[in-house]
Amino acid sequence: MFLNEVGTLIPDEQDTDPVTYDQALQDIDVESWKNAMNYEIESIYSNQIWDLVEPPDGVKPIGYKWIYKRKRGVDRKVETFKARIVAKGYTQKEGIDYEETFLSVAMLKSIWILLSVPLISIMKFDKWMSRQHS
């Protein structure tokens, strides 16, 4: 936080973050929560995370919930309000909602870069050692 920025000091009785959407709408910081939720939705659309489509007949969409968090500075003043939307993945059933589980995959180029960094250091060290013995 910079000198010209203002944080909000939340009293101890208001120290807990909302757990539900309704609690966020009843919270003293309702406007900050609304702004945080709007920012999350805009971020999802701008990063093309998902597309809004109609579900096929007979398919019940997976639910979602909002997660709210006040980010505080060392002085305990609220610096930012974070709202994240998450899928209720625990309601999915294998064979009905999904067939396979996928793991994240690293690009081969990234692995080569990670492996080359220590090799370059070893080569520089060997070159330096050969100069010392010459």
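As shown above, the structure is provided for reference.
Not measured: the values here are computed from a predicted model.

A word on unusual backbone geometry
Then, in step 1: If you check the backbone angles, R76 has positive phi at about 70° while not being a glycine.
Then, in step 2: Note that R76 resides in the loop between strand 2 (64–72) and strand 3 (77–87).

Some thoughts on the pattern of salt bridges
Then, in step 1: Under the counting rule described, the total for this entry stands at six salt bridges.
Then, in step 2: The partner of R70 in a salt bridge is D27, with the nearest N and O atoms 2.6 Å apart. On the criterion of sequence distance, the pair formed by R70 in strand 2 and D27 in the loop between helix 1 (21–26) and helix 2 (30–46) is long-range, its members being 43 residues apart. Of the two residues examined, R70 and D27, each falls in the buried class.

Points about the nonpolar core
Then, in step 1: Counting nine residues, the largest nonpolar core consists of A24, W33, A36, M37, W66, Y68, V78, F81 and A83.
Then, in step 2: Put simply, the parts of the chain that give this core at least two residues each are helix 2, strand 2 and strand 3.
Then, in step 3: The residues touching A24, leaving out its near neighbours within four places in the chain, are P18, V30, W33 and Y68.

Examining a nonpolar patch on the surface
Then, in step 1: A surface patch of nonpolar side chains, amounting to about 460 Å² of accessible area, comprises Y45, I49, W50 and L52.
Then, in step 2: Turning to its location among the elements, I49 is positioned in the loop between helix 2 and strand 2.

Points about the pairing of strand 3
Then, in step 1: Both strand 2 and strand 3 contribute to a ladder of nine bridges, which runs antiparallel. When the sheet's bridge partners are listed, K69 is paired in strand 3 with K82.
Then, in step 2: From the end of strand 2 to the start of strand 3, which pair antiparallel, there are four residues, and R76 there has a positive phi angle of about 70°.

Here's the deal with the side chain of D17
Then, in step 1: Here D17 lies in the loop between strand 1 (8–9) and helix 1.
Then, in step 2: Side chain to side chain, D17 and R70 meet in a polar contact 3.3 Å long.
Then, in step 3: For D17, the residues in contact, after removing those within four places along its chain, are Y68, K69 and R70.

Section: the packing of aromatic side chains
Then, in step 1: Per the stated rule, a full pass over the model turns up three aromatic pairs.
Then, in step 2: Between W33 and F81, the aromatic rings sit 4.9 Å apart at their centres with planes inclined by 90°, giving edge-to-face as the arrangement. Here the residue W33 occupies a position in helix 2, and F81 occupies one in strand 3, the gap between them amounting to 48 residues. This pair shows no difference in class: W33 is buried, exactly as F81 is.

What counts, and where the lines are drawn
- Residues numbered from 1 in each chain as written.
- Predicted model: local features only at pLDDT ≥ 70, side-chain atom pairs only at ≥ 80, totals over all residues.
- Heavy atoms only, no water.
- Helix = DSSP H or I, 4+ residues; strand = E, 2+ residues; numbered from the N terminus.
- Salt bridge = Lys/Arg side-chain N within 4 Å of Asp/Glu carboxyl O.
- Buried < 20%, exposed > 50% of the residue type's maximum accessible area, 1.4 Å probe, protein only.
- Core = buried A, V, L, I, M, F, W, Y, C linked by side-chain atoms within 4.5 Å.
- Contact = heavy atoms within 4.5 Å.
- Patch = residues over 30% accessible without salt bridge, like charges linked within 9 Å, V, L, I, M, F, W, Y side chains within 5 Å.
- Areas by Shrake-Rupley, 256 points an atom, 1.4 Å probe, with all protein chains shown as cover.
- Pairing = 2+ DSSP bridges.
- Polar contact = N/O pair within 3.5 Å; in protein donor to acceptor, adjacent residues only side chain to side chain.
- Phe/Tyr/Trp six-rings, centres within 6.5 Å; stacked < 30°, edge-to-face > 60°.

In short, the description is geometric, and any link to function would need to be established separately.
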